[in-house]
Amino acid sequence: MMPETLDTAWLKANPLPVVDSDSDKNERGRVLVVGGAEFVPGALRLTGEAALRAGAGKLQMATVRSAAMSLGVLVPEAAVIALPAQEDGEIAVGAAAVLKPQLARCDSLVLGPGMNVSAGTDQLVADILAATEPPVTIVLDAAAMTSARDLRSTIAAHEGHIILTPHHGEMAILTDESAEAITADPVGIASQVAQDFQAVVILKGDRSVIAAPDGACLLHEGGCVGLATGGSGDVLAGIAGGLAARGANPFRAAAWASWLHGRAGRELAGTMGPIGFLARELLPLIPRLLEEPGSS
């Protein structure tokens, strides 16, 4: 199947759920973001704020205890959950048990920003996925997304409610393909991974591919080189989680998040310069850009 172009015409034809003027924060959904470590104590700020900027009503962030208080002060709109840490400053595997009540009450979960690849991370991700049931939409990002390589059946059991967000290097880990092979056929490989894992895939790059388990596929060429900066992927994951919490299905949430992320980057490139803008500077642009595809 040839991919469709992800542009404003597609967005107008596939709108986000309408937010009624009398809706409250509970109706706009609750996002839980899990990640971070002592080495990157502010990592979740970008993801969490992006979820709120995308319109989610409530935000909870869970990170290592040593970083939790400062993160809560940095993002006063959020509730913060302190998690046990390992000696290396990463979230301890036992944190999955601590999170069980929150996992049962969230509408979307973003897992992985600020976490490092390790056997402990693999176990933590597996335990959290096992404790989270559809229809919660789960965005696996960064180290948590890399852990997906050994969790194909677990992810497939979530029936399309998981979004994977690999760049080409992470996709190479998922598929055992070379980066060159992925660059040569990003549409084919993203579509195959979406089918194999029964998950939505955002294959990030200068031409991003958004693929669904049912074969639907979008090609987005609206990014810019300035988005290749630390924290940019954390923002993308947070937007997707926020849109999913509002009620967008995983494919639509992934597509809109990709477009918003790219559109915000292009706007900053035009006003500040092609490189050098910061990931956190994308955040204030999101609410206005949400309205742009619907303008006449």
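One can find the structure itself at the top, above this paragraph.
Below or above, wherever it landed, is the structure these notes cover.

Reading the values: rules and limits
Residues numbered from 1 in each chain as written. Predicted model: local features only at pLDDT ≥ 70, side-chain atom pairs only at ≥ 80, totals over all residues. Heavy atoms only, no water. Helix = DSSP H or I, 4+ residues; strand = E, 2+ residues; numbered from the N terminus. Rg over C-alpha atoms; globule rule 2.2 N^0.38 Å. Buried < 20%, exposed > 50% of the residue type's maximum accessible area, 1.4 Å probe, protein only. Areas by Shrake-Rupley, 256 points an atom, 1.4 Å probe, with all protein chains shown as cover. Pairing = 2+ DSSP bridges. Contact = heavy atoms within 4.5 Å. Axes fitted to C-alpha atoms, helices over the stretch in contact; angles between N-to-C directions. Phe/Tyr/Trp six-rings, centres within 6.5 Å; stacked < 30°, edge-to-face > 60°. Lys NZ or Arg CZ within 6 Å of the ring centre and 35° of its normal. Left-handed = near helix turned anticlockwise from the far one by under 90°. Nonpolar A, V, L, I, M, F, W, Y, C, P; charged D, E, K, R; others polar. 1 Å grid on protein atoms, 1.4 Å probe; cavity = no way out; pocket = protein on both sides within 12 Å on 5 of 7 lines; lining within 4 Å. Points joined across faces, edges and corners; volume = space filled by probe spheres on them.

The next subject is the overall build of the chain. Tallying secondary structure elements over the chain gives 13 helices and 10 strands in all. Against the 2.2 N^0.38 benchmark of 19 Å for 296 residues, the chain shows a C-alpha radius of gyration of 17 Å, consistent with a compact globule. Across its three principal axes, the chain shows a C-alpha extent of roughly 50 × 45 × 35 Å. Taking all 296 residues of the chain together, the buried fraction comes to 54%. Total accessible area computed for the chain in this model is approximately 12300 Å², and 51% of it derives from carbon and sulfur atoms.

Another aspect to go through is the sheet that holds strand β3 (residues 58-64). Taken in spatial order, the 10 strands line up as β1-β10-β9-β8-β7-β6-β5-β2-β3-β4 in an open sheet, and their pairing is mixed. What marks the edges here is a single partner per strand, and that holds for β1 (4-5) and β4 (79-83). Here strand β5 (residues 108-111) runs beside strand β6 (residues 137-140); their pairing, made up of 4 bridges, is parallel. In the strand pairing of β6, Val110 is matched with Val139. Of the strands in this sheet, β2 (30-34), β5, β6 and β8 (200-203) touch helix α11 (residues 232-245), which is tilted by about 165° from β5.

Under the definition given, this model contains 1 aromatic pair. Aromatic pair Trp10 and Phe251: ring centres 6.1 Å apart, planes at 85°, arrangement edge-to-face. Taken together, the residues span a long stretch of sequence, with Trp10 in helix α1 (residues 8-13) and Phe251 in helix α12 (residues 250-272) at a distance of 241 residues. Each member of the pair, Trp10 as well as Phe251, carries the same accessibility label: buried. Its end group placed over the ring of Phe197, Arg152 keeps NZ or CZ at 4.8 Å from the ring centre.

A separate point is the environment of Ile182. Relative to the helices and strands, Ile182 is located in helix α9 (residues 179-184). Owing to a relative accessible area of 0%, Ile182 belongs among the buried residues under this scheme. For the pair Ile182 and Gln86, spaced 96 residues apart in the sequence, the C-alpha separation amounts to 35 Å. Ignoring anything within four residues of it in the chain, the contact list for Ile182 reads His168, Met171, Ala172, Thr175, Glu177, Ile189 and Leu203.

Turning our eyes to something else, we now look at the packing of helix α2 (residues 43-53) against α11. Put simply, α2 and α11 touch, their axes get as near as 7 Å, and they point 35° apart. In this structure, α2 meets α11 at a crossing whose hand is right-handed. Contact residues: α2 offers Ala43, Leu46, Thr47, Ala50 and Ala51, while α11 offers Asp234, Val235, Ala237, Gly238, Ile239 and Gly242. Residues that form the contact of α2 with α11 fall into these classes: 7 nonpolar, 3 polar and 1 charged.

Each neighbour pair has its own omega, and for Pro134 with Pro135 the value is 10°, a cis peptide bond. Looking at the element boundaries, Pro135 is found in the loop between α5 (119-131) and β6. If you check the backbone angles, Glu159 has positive phi at about 55° while not being a glycine. Looking at the secondary structure, you find Glu159 in the loop between α7 (152-156) and β7 (162-164). A positive phi angle is found at Asp176, which is not glycine, with a value near 60°.

Moving on, we get to the layout of surface pockets. Computed from the structure, the largest pocket encloses a volume of approximately 540 Å³. Together, 29 residues line the largest pocket, and Lys204, Leu227, Ser232, Gly233 and His261 are the ones closest to its centre. Mapped onto the lining of the largest pocket, the elements with two or more residues apiece are α11 and α12. Here the residues of the lining of the largest pocket are counted per class, giving 8 nonpolar, 15 polar and 6 charged.

Here the focus is the pairing of strand β10 (residues 217-220). Every second residue of β10 is oriented toward a common face, with Cys217 and Leu219 on one face and Leu218 and His220 on the other, all of them buried. When β1 meets β10, the two strands line up parallel, connected through 2 bridges. Considered in β10, the bridge of Thr5 is made with Leu219. Here 4 bridges tie strand β9 (residues 208-211) to β10, and the two strands are oriented antiparallel to one another. If you follow Ile210 over to β10, its bridge partner there is Leu218.

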